[in-house]
Amino acid sequence: MPTILAIESSCDDTSAAVIADWEVLSNVTAGQAVHEEFGGVVPEHASRAHQLNIVPTVAVALSRAGKSADDIDAVAFTRGPGLIGSLMVGVSFAKGFALAHNLPLIEVDHMQAHVLAHFAEDPKPTFPFLCLTVSGGHTQLVVVRSALEQEIIGRTIDDAAGEAFDKSGKMLGLPYPSGPEIDKLARQGKPTIKFARPEPGELNFSFSGLKTSILYTLQKKVKTNPSFVKENLPDICASIQHSIVAILLRKLTLAAEQTGLTQVALAGGVSANSGLREGLQALAKEKGWTVFAPRIEYCTDNAAMIGVTGAFKYAAGEFAVPEVAPAARLE
Ligand code: KG4
Ligand code: ZN
């Protein structure tokens, strides 16, 4: 198999990876602390930071892999979905690199790549399997028939699971992104507060009702005790995490029952959540599922997953047509 240089720049992480013979030789990610003080990703800052980071990130990825530009057989890049200004930086770099070195380009769908992050290292699931992809922008249940045949059977109708964590954290005055903070605090507390969690039918998710319930419950408690949040932060976080995880696992169970699939995989940044991982392990024991949860490095946005997807597309002969500017097809 070829040696692939992969570029990911869809949101606020600039990442580059080198994949050779299905092995990840390097996976280098430059994060962007600039967004913390705004409580969320500011697209303009994100694209400017990508511009600063892209060249050194690729240089480090190549050097850690022990490769030079001459060793690369193809360039894979994230086509979308994502922030347009952020995507443009990665796409432009990939196109420039491919043109300069006369290499084929491979367009990769960011969500498809999150699912295929499971093939970055062992243990790998076999096809078909069921994947719950939970990130800052998406919440999806995917039937993965083969690497490039993925069917979304459930999705959020409003906020993503990561957004539910981040917006709840904002209400509590926690720094952005709040998912890891809530996770840390939840470990010191108990889920003593019950929130309403209205859910849509079938396999779709909704987190906006839960978010409203968290807001109203906290407002009511603060009215009688202005220090309620400060005094009960671990229990509040444990209760929020418990509610989000319960919604995710309920729909995942339904999807497993409907599809009959017993290999269950987690993908996306929220799969780093300890409550979700523990809850899924317990459920898997009860149901007889085999669980696949990649290392955190491969759960959050990373170029290794773009490279692995690129390798599958290279094997299938799926290349971007050079005459059609990939940027024109950004989502
Ligand atoms: O996949 P990802 O890195 O980027 C997107 O494509 O969105 O996911 C980022 C999301 C953020 O919402 C962040 O709060 C959440 O993943 N996250 C967590 C944890 N670590 C990251 N949520 C809950 N618990 C965590 N430990
Ligand atoms: Zn992502």
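Remember, predicted model here, so these are calculated numbers, not experimental data.

Asker: What is the right way to look at the site of ligand 1 in this model?
Answerer: The immediate surroundings of ligand 1 are formed by 19 residues, with Gly-136, Asp-166, Asp-183, Gly-269 and Asn-273 found nearest. Taking Asp-183, its side chain carries an N or O atom lying 2.9 Å from a nitrogen atom of ligand 1. For ligand 1, whose free accessible area comes to 550 Å², the fraction covered by protein is 87%. Only α3 (110-116), α4 (161-171) and α5 (178-186) provide two or more residues apiece to the shell around ligand 1.

Asker: Teacher, can you tell me more about the domain arrangement of the protein here?
Answerer: Accessible area lost upon the coming together of the parts is a frequently used measure of interface size. When its domains are assigned, the protein resolves into domain 1 (3-116 + 299-329) and domain 2 (123-293). Contacts between the two partners involve 17 residues from domain 1, matched on the other side by 17 residues from domain 2. Together, the buried faces of domain 1 and domain 2 total about 1500 Å²; carbon and sulfur atoms form 70% of this surface. If you sort the residues of domain 1 by the area they bury against domain 2, Met-111, Val-115 and Cys-299 come out on top, with a joint share of 40%. Our enumeration of links across domain 1 and domain 2 arrives at zero salt bridges. At the surface where domain 1 touches domain 2, the tally comes to three residue pairs in polar contact (both at pLDDT 80 or more). Elements represented by at least two residues in the side of domain 1 that touches domain 2 include exactly α3 and α10 (303-315).

Asker: Can you help me understand the nonpolar core in this one?
Answerer: As a rule of thumb, soluble globular proteins bury nonpolar side chains together. Formed by 44 residues in total, the largest nonpolar core has its most connected members in Phe-207, Ile-244, Leu-248 and Leu-252. With residues up to four places along the chain from it excluded, the contact list for Ile-244 reads Ala-161, Ala-164, Phe-165, Phe-207 and Leu-210.

Asker: Where do I start with unusual backbone geometry in this structure?
Answerer: With the exception of glycine, most residues fall at negative phi, and the peptide bonds are largely trans. Cis geometry is adopted by the peptide bond preceding Pro-81, which originates at Gly-80 and carries an omega value of -5°. By secondary structure assignment, the location of Pro-81 is in the loop between β4 (74-80) and α2 (84-101).

Asker: Quick question: what am I supposed to make of the packing of aromatic side chains here?
Answerer: To describe a pair of aromatic rings, one takes the distance between the centres and the angle between the planes. Applying the stated criterion across every chain yields a total of eight aromatic pairs. A ring pair is formed by Phe-119 and Phe-129, whose centres lie 6.3 Å apart and whose planes are at 50°; its orientation type is tilted. Taken as a pair, Phe-119 in the loop between α3 and β6 (129-134) and Phe-129 in strand β6 lie far apart in primary sequence, ten residues in all. Ring centres of Phe-119 and Phe-312 lie 5.5 Å apart, and the angle between their planes is 90°; on these two criteria the pair is classed as edge-to-face. Of the two residues, Phe-119 is situated in the loop between α3 and β6 and Phe-312 in helix α10; the sequence distance between them amounts to 193 residues. Feature note: the residues Trp-22, Phe-119, Phe-127, Phe-129 and Phe-312 constitute an aromatic cluster, connected by ring pairs.

Asker: Help me understand the side chain of Ser-86, please; the structure alone is not making it clear to me.
Answerer: Locating Ser-86 in the fold gives a position in helix α2. For Ser-86, the side chain forms a polar contact with the main-chain oxygen of Cys-11, separated by 3.1 Å. When residues no more than four places from it in sequence are discounted, the contact partners of Ser-86 are Ser-9, Ser-10, Cys-11, Ala-46, Ser-47 and His-50.

Asker: So what exactly am I meant to see when it comes to the coordination of the zinc ion (ligand 2) here?
Answerer: In an ideal tetrahedron of four donors about a metal, each angle is 109.5 degrees. In an ideal octahedron of six donors, the angles are 90 or 180 degrees. The protein atoms that coordinate the zinc ion (ligand 2) are His-110 (NE2), His-114 (NE2) and Asp-301 (OD), at distances of 2.1 to 2.2 Å. Expressed as a motif, the donor residue spacing for the zinc ion (ligand 2) is H-x3-H-x186-D. You can see His-110 and its partner His-114 sitting in helix α3, four residues apart, about one turn around the helix. For His-114, a relative accessible area of 1% gives the class buried.

Asker: Please clarify how the sheet that holds strand β1 (residues 3-8) should be interpreted in this entry.
Answerer: The strands making up a sheet are joined through hydrogen bonds of the backbone, oriented either antiparallel or parallel. Strand order in the open sheet made by the five strands is β3-β2-β1-β4-β5, with mixed pairing throughout. Because the sheet does not close on itself, it has two edges, and the strands there are β3 (23-30) and β5 (105-109). Put simply, the sheet's adjacent strands are angled 20° from each other on average, direction ignored. In this structure, strand β2 (residues 14-20) lies alongside β3, joined through seven bridges in antiparallel fashion. Looking across to β3, one finds that Ala-17 is bridged to Asn-27. Strands in contact with helix α1 (residues 43-65) are β1, β2 and β3; relative to β2, the strand with the most contacts, it is inclined by about 25°. Relative to β1, α10 is tilted by about 130°, and along the sheet it contacts β1, β2, β3, β4 and β5.

About the cut-offs
- Residues numbered from 1 in each chain as written.
- Chains lettered and ligands numbered in written order.
- Predicted model: local features only at pLDDT ≥ 70, side-chain atom pairs only at ≥ 80, totals over all residues.
- Heavy atoms only, no water.
- Near = heavy atom within 4 Å.
- Polar contact = N/O pair within 3.5 Å; in protein donor to acceptor, adjacent residues only side chain to side chain.
- Areas by Shrake-Rupley, 256 points an atom, 1.4 Å probe, with all protein chains shown as cover.
- Helix = DSSP H or I, 4+ residues; strand = E, 2+ residues; numbered from the N terminus.
- Domains from an automatic or database assignment.
- Contact = heavy atoms within 4.5 Å.
- Buried area = accessible area lost by both parts, 1.4 Å probe.
- Salt bridge = Lys/Arg side-chain N within 4 Å of Asp/Glu carboxyl O.
- Core = buried A, V, L, I, M, F, W, Y, C linked by side-chain atoms within 4.5 Å.
- Buried < 20%, exposed > 50% of the residue type's maximum accessible area, 1.4 Å probe, protein only.
- Phe/Tyr/Trp six-rings, centres within 6.5 Å; stacked < 30°, edge-to-face > 60°.
- Donors = N, O, S within 2.8 Å, 3.2 Å for Na, K, Ca; no water.
- Pairing = 2+ DSSP bridges.
- Axes fitted to C-alpha atoms, helices over the stretch in contact; angles between N-to-C directions.

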